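Residues per chain, in single letters:
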Amino acid sequence: MEIALPKDLAQDVGLAKRRQGELCRQKRIFDARKRIIGGDPEAWDVQVHDQKIKEATEKARHETFAAEMRQNDKIMCILENRERRDRKNLCRAINDFQQTFQKPETRCEFDLSDPLVLKKDLPARQSDNDVRNSMSGMQKFMGEDLNFHQRKRFQQEQNREWSLQQQREWKNARADHKLAEALHTQTRLQLDHTARHLQTLEGSTRKAVCAAVKEFNRNQALESAARRRREKKQEQEDNLVEISSLLRGDLLSENPQQAASSFGPHRVVPDRWKGMSQEQLEQTRLVQKQQVQEKLRLQEEERQRDMDWDRQRIQKARAMLLFERRQQRQLHELRRALDSSNHSLAQEQHLRKNYRKEVSTNDPTGDYFSQFNTRSR
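It should be emphasised that the depicted structure is a prediction, and the values quoted were computed from it without experimental measurement.

## Some details on the overall build of the protein chain
Summing up its helical and strand segments, the protein chain has 8 helices and 0 strands in all. When the helices and strands of the protein chain are read in sequence order from the N terminus, they spell out α-α-α-α-α-α-α-α. Within the protein chain, residue pairs in contact and separated by at least 24 positions form 44% of the contacts whose partners lie at least 6 positions apart. Carbon and sulfur atoms provide 55% of the accessible area of the protein chain, an area that totals close to 35,500 Å².

Following this line, the structure appears as structure tokens:
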């Protein structure tokens, strides 16, 4: 076991520092983005922190809106389910009533459309020792049958049974209806309690939001009032200064020198100028005549100059055409010489390549190229 001396420790520490510095330098040099573009990590961190704060604020705002939307959706679902259930119960009650008390068999005109009317029809006559009673083509009239009293008692008994059965069915229907109403009332009370609780939560949330908005609006109103007072005071001071300037100005005092401009004696103020004098008008007309003559002279000179330029341009174009033709001939000759030289060079390169293939057989591998660019110095 070797003993670590202070000198060895200091040497190891220095070697580790040099290795760490070399690694950092390699990162800076081999990273093309940092070497070419550069960067400010602290500014990037600040931007990332600000972006995260902004995203968190936006996320909290969206979550608040989403919670309010979910609450509204829940209330709407509860109300829609209640309305759907009430409509379903009403339809079921109508159907039950129609099936119980409005059967097709109980209608007055059912015998006209009864599909079993032929099966239910009895023979014309089956008793009274008469086959058909076709003496005059008519059957027995009402009250002339032998079973009249038995039939009447049977009909009375049947009517009594029907009345009792209808009473029992009516009592059962009323009991079922009362039970359904009790269940409906209980469910409605429960839903009303839930809706009232949700409405209370919504009211508290809305109150908090309204309080925050009211505080913000009050601060904005105070700032707006202070700004309006400052603007009004400044406007009054400006108006006083303007009134004082107008009272002491040349416009209201009718100073004849008010039309003189500060840019020179040849310029005037348009809104104060009273017009030109007769001498100025004559001088203006004389200057206009001179300008017309000067313009005609300049036009003639320009026409002569254009003719000279056209003549020189034609001569230059003719000379340029001759020069281009001569240059094309020279280029053609140079191209022929260059093609001949390239052909000879290609043959020479082909021979040299074949010679290298015969002589050199050691091709470089990936290990040969990986030994380069491993250090930063």
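We are not done yet, so read on.
## So, the pattern of salt bridges
Evaluated as defined, the whole model comprises 13 salt bridges. Where E161 meets R160, a salt bridge forms, and the shortest distance between an N and an O atom there is 3.6 Å. The exposure class assigned to R160 is partly exposed, which follows from its relative accessible area of 42%. In this structure, the salt-bridge partner of R313 is D310, at a minimum N-O distance of 2.3 Å. Highlighted residues: R313 and D310, both in helix 7 (residues 278–359), separated by 3 residues, approximately one helical turn.

## Focus: helix 1 (residues 6–30)
With 25 residues, helix 1 should cover 36 Å at 1.5 Å per step; its first-to-last C-alpha distance of 36 Å lies within 8% of that length. The complete set of buried residues in helix 1 reads G14, E22 and Q26.

## Notes on the side chain of E202
Mapped onto the elements, E202 comes out in helix 5 (residues 148–248). Residue E202 is classed as buried on the basis of its relative accessible area of 17%. In this structure, E202 is in contact with Q71, N72 and I75, ignoring residues within four places of it in sequence.

## Overview of the packing of aromatic side chains
Aromatic ring pairs are defined here through the distance separating the ring centres and the angle between the ring planes. The final tally for this structure, using the stated rule, is 2 aromatic pairs. Aromatic side chains F97 and F101 sit 5.0 Å apart centroid to centroid with 40° between the ring planes, which places their arrangement in the tilted category. Of this pair, F97 and F101 are both found in helix 3 (residues 41–101), 4 residues apart, which corresponds to roughly one turn of the helix. Accessibility expressed as a relative area gives 40% for F97, which makes it partly exposed. Relative accessible area serves as the criterion here: at 33%, F101 is assigned to the partly exposed category. On the numbers, 5.9 Å between centres and 70° between planes, the contact of F101 with W170 is edge-to-face. Taken as a pair, F101 in helix 3 and W170 in helix 5 lie far apart in primary sequence, 69 residues in all. What makes W170 partly exposed here is its relative accessible area of 45%. In textbook terms, an aromatic cluster arises when at least three aromatic residues are bridged by ring pairs, as seen for F97, F101 and W170.

## A look at a negative patch on the surface
A cluster of acidic residues, E231, E235, E237, D238 and E242, forms a negative patch at the surface. Along the chain, the position of D238 falls in helix 5.

## A short note on a positive patch on the surface
A cluster of basic residues, R227, R228, R229 and R230, forms a positive patch at the surface. Along the chain, the position of R230 falls in helix 5.

## Digging into the confidence of the model for the protein chain
Mean pLDDT over the protein chain works out to 81, with 78% of the residues at or above the 70 mark. The secondary structure element of the protein chain with the lowest average pLDDT is helix 6 (residues 250–253), at 61, and the one with the highest is helix 3, at 89.

Definitions and limits used
Residues numbered from 1 in each chain as written. Predicted model: local features only at pLDDT ≥ 70, side-chain atom pairs only at ≥ 80, totals over all residues. Heavy atoms only, no water. Helix = DSSP H or I, 4+ residues; strand = E, 2+ residues; numbered from the N terminus. Contact = heavy atoms within 4.5 Å. Areas by Shrake-Rupley, 256 points an atom, 1.4 Å probe, with all protein chains shown as cover. Salt bridge = Lys/Arg side-chain N within 4 Å of Asp/Glu carboxyl O. Buried < 20%, exposed > 50% of the residue type's maximum accessible area, 1.4 Å probe, protein only. Expected span 1.5 Å × (residues − 1). Phe/Tyr/Trp six-rings, centres within 6.5 Å; stacked < 30°, edge-to-face > 60°. Patch = residues over 30% accessible without salt bridge, like charges linked within 9 Å, V, L, I, M, F, W, Y side chains within 5 Å. Lys, Arg positive; Asp, Glu negative; His and termini not counted. Charge placed at Lys NZ, Arg CZ, Asp CG, Glu CD. pLDDT = per-residue confidence, 0-100.

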